[in-house]
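Descriptive structure summary
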Amino acid sequence: MANSFVGPRGRVGVAGHPYSSLILPVPIVCFVGALLTDIAYVNSGGNLQWLNFSSWLLAAGLAFGAIAGILALIDLARLRELRSHWGWSAFGLLVASLVVEFINSLIHARDGWTAVVPTGLMLSAIAALLVLTYGWAWHESRYTPEVRS
Amino acid sequence: MTRLVPMAALLALAACGSGQKVDPMQQVGPHPYLPKPAEELVADIGVAKVVGWKQGEAPTVPAGFKIEAMATGLTSPRNVLALANGDVLVVESQRVGSEPVDRPKDPIRDFIMSIAHGGGGADTAGGGGPPQRITLLRDADGDGKAELKTVLLDHLNSPFGIAVLGDQLYVANTDALMRYPFTPGQTKITAPGQRVVELPGGLIDHHWTKSLAVSPDGSKLYVGVGSNSNIQERGPEAETNRAAIWEVDAKTGAYRVFASGLRNPNGLTFYPGSNTLWAVINERDELGPNLVPDYMTSVKDGAFYGWPYSYYGQHVDPRVRPQRPDLVKTAIPPDYALSSHVAPLGLAFYTGSSFPAGYNGGAFVGEHGSWNRKSYNGYQVVFIRFANGQPVGKPIPFVTGFIGPDKLDRGRPVGVAIDRTGALIVADDTGNTVWRVSYAGGAPKPTA
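Residues numbered from 1 in each chain as written. Chains lettered and ligands numbered in written order. Predicted model: local features only at pLDDT ≥ 70, side-chain atom pairs only at ≥ 80, totals over all residues.

**Describing the nonpolar core**
Soluble, globular proteins show a tendency: their nonpolar side chains are buried together. As a reminder, the rule being used: For this analysis, nonpolar core means a set of buried Ala, Val, Leu, Ile, Met, Phe, Trp, Tyr and Cys residues linked through C-beta atoms within 7 Å. The burial criterion counts other C-beta atoms lying within 10 Å of a residue's C-beta, which is placed from the backbone; the residue is buried at 20 or more, exposed at 12 or fewer, and partly exposed between these limits. Note on contacts: each residue gets a C-beta atom placed from the backbone, and two residues are in contact if those atoms are within 7 Å.
Ranked by internal contacts, the top residues of the largest apolar core, which has 96 residues, are Val223(B), Ile245(B), Ile425(B) and Val434(B). Apart from the residues lying within four places of it in its own chain, the contact partners of Ile425(B) are Met70(B), Val80(B), Ala82(B), Val88(B), Val416(B), Ala417(B), Asp419(B), Val434(B) and Arg436(B). Core analysis: the next-biggest nonpolar cluster, separate from the first, contains 35 residues, Ala68(A), Leu94(A), Ala109(A) and Val116(A) among them.

Below you can see the structure in the form of structure tokens.
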């Protein structure tokens, strides 16, 4: 099946490569990573290395996620063919994961065990799910509606 | 949509706030009310911007007392020692550098703290850099103002505690206890110091002030060594021999941990005429605006006071892992709560004779003031009456007005001392002033 997809031309990008291939994976890696390091923290019985690791992953994921969100908004404004069900869903999921992880980073700023157990771990799991769904939806949005039929 | 439910629930939870409705006066004395821990989404923070004292402004003292600036234009005076000959030694000191960044939270916290500490007042003598010196004040004509203000000893390393023992001046730098040959009356120390014992300093050095007291028989020194973190979030390795009071042999420098589990002990002072060591302790943060009350306590040899595993005896802190029920079982409660986050850093028992009789043997406590609660607590010197060597009643605000009606910070009290004439001396580190409170007659007895 020969899929045609939007871009790279027209999308915000670097030297012809759309940003999505560069920046989109960062919040995904960071937020899924934070879930893993949270689990490692709990399993270690409180080895603070893992809590610090999670905190930095959340901070990096939030920073790059915010950039991804701004660029996605510019793409959505400029390219009519992206304004599909998938395009808007992807954007909404990204924003939702950022909101959850912002709250989560405040929880993770606590000192010690309660930075993760139970609220931090729960939010990390929710956000990991959201951000994975976001990546999937954004990928789907690259296909033009015509070829999807 | 279902994914929004936990989020909404969480936001609702955050909006509820801490739920800790506590009057600070419920948290003073031997049995403070302790609410449930309330870890907030964003810690309750209130720090006052430092504006300093304008010409003619001064803290407030009770009727019958008089307060005057003994010396102004100092830089971050943190501790005072009144000598028998009338000279007052002032420790001008700040920490050097900032703590290493372990988490994104660390630089944010440092920034908030820098607001509350102001920029320092007078330029440092050496030009730039934090002050690292002991300044001598001499009021030869007895008018309450120092005519002589001269640097006694410079280029120290974040000093805090000082004591005179025999012909030596002991200085507790943040990383070492030092001694210098010193004869009262001397205005300059040029002799090189001798290191008595190394103290825990290092890169983090979270609670850096090392308080110092001499045993009544002059054989031992007691050094307060604060913790390296709030509740061990830098790891247990960073806390070796910290959150403790050390007993150091004055001659040999041999030391042992005298008491432990004291998060940040300061104001080490022996009760006059006794062998009982007292201290004021800064308790842990970020369990809500009304936990954990700071306290004043007599310090028992070998006792464990809970930090970091528990507070006020055996109230377990949920944040510390691994837990240590074996240690918590041995934790004893302190004597007297001062209420939450007041940050007591100075303690002096009244040994003079110029204040009314009710002050005899009572405690003056310098409360540097809170950051971990929206409504300020502390920012005053309180007086606590003693009977039979034990605190009685509630703390009475004695020197107040450090936070003005405009909620701006004129100054913050730290170390306190009683001088030769029985006046109270107060180091004010953001006001860059040393205050002297004397009795002018006609005051009622303190009631509590």
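**Structural notes on unusual backbone geometry**
We count it as follows: The numbering of helices and of strands both runs from the N terminus, where a helix is a DSSP run of H or I of at least 4 residues and a strand a run of E of at least 2.
Look at the link from Val117(A) to Pro118(A): it is a cis peptide, with omega at -5 degrees. Here the phi dihedral of Ala243(B) falls at roughly 50 degrees; this positive angle occurs in a residue that is not glycine. Locating Ala243(B) in the fold gives a position in the loop between β12 (220–225) and β13 (244–249). Overall, Ala243(B) belongs to the buried group, with 26 C-beta atoms counted inside 10 Å.

**Here's the deal with the confidence of the model for chain A**
Should pLDDT be low for a region, the predicted coordinates there are not to be read in detail. Residues and elements named next belong to chain A. Rule in force here: pLDDT measures how confident the predictor is about each residue, on a scale from 0 to 100.
Across chain A, pLDDT averages 87, with 85% of residues at or above 70. For chain A, helix α6 (residues 145–148) is the element with the lowest average pLDDT, namely 46, and helix α2 (residues 25–43) is the one with the highest, namely 97. Between residues 145–149, whose pLDDT stays under 50, and residues either more than four places distant or in other chains, the model counts 4 contacts.

**Focus on the confidence of the model for chain B**
When the pLDDT values of chain B are averaged, the result is 92; 92% of them are 70 or greater. Note that pLDDT drops below 50 for residues 1–18 of chain B; the model gives that stretch 13 contacts with residues more than four away or on any other chain.

**With respect to the interface of chain B and chain A**
Across the boundary between the two partners, chain B contributes 21 residues, which contact 20 residues of chain A. For the side of chain B that touches chain A, the element with the highest residue contribution is helix α1 (residues 4–15) of chain B, accounting for 3 residues.

**Quick word on the sheet that holds strand β26 (residues 424–428) of chain B**
All names here are of chain B. Selection rule: For two strands to count as paired, DSSP must find a minimum of two bridges between them. Between the N-to-C directions of two axes lies an angle of 0 to 180 degrees, each axis being a line fitted to C-alpha atoms and, for a helix, fitted only over the stretch in contact.
If you walk across this open sheet you meet the 4 strands as β2-β27-β26-β25, and the pairing is antiparallel. Taken across any chain shown, the strands that pair with only one partner, and hence form the sheet edges, are β2 (65–71) and β25 (413–418). With direction set aside, neighbouring strand axes in the sheet form an average angle of 25 degrees. Inspection of the sheet shows β2 paired to strand β27 (residues 433–439) by 6 bridges, in the antiparallel sense. Across the sheet, Ile 67 pairs through a bridge with Val 437, a residue of β27.

**Here we look at the sheet that holds strand β4 (residues 88–93) of chain B**
Residues and elements named next belong to chain B. With antiparallel pairing, the 4 strands of this open sheet are ordered in space as β3-β4-β5-β6. One side of each edge strand has no neighbouring strand; the edge strands of this open sheet are β3 (77–82) and β6 (148–153). Looking at each pair of strands side by side, their axes are set apart by 30 degrees on average, direction ignored. As judged from the 5 bridges shared by strand β5 (residues 132–138) and β6, these two strands associate in the antiparallel manner. Residue pairing in the sheet places Ile 134 in a bridge with Leu 153 of β6.

**Description of the environment of Val88(B)**
All names here are of chain B. In this structure, Val 88 sits in strand β4. C-beta crowding within 10 Å serves as the criterion here: with 25 such atoms nearby, Val 88 is assigned to the buried category. Sequence-wise, Val 88 and Ala 146 are 58 residues apart; in three dimensions their C-alpha atoms are separated by 9.1 Å. Setting aside residues up to four positions removed in sequence, Val 88 forms contacts with Met 70, Val 80, Ala 82, Leu 137, Asp 419, Ile 425 and Val 434.

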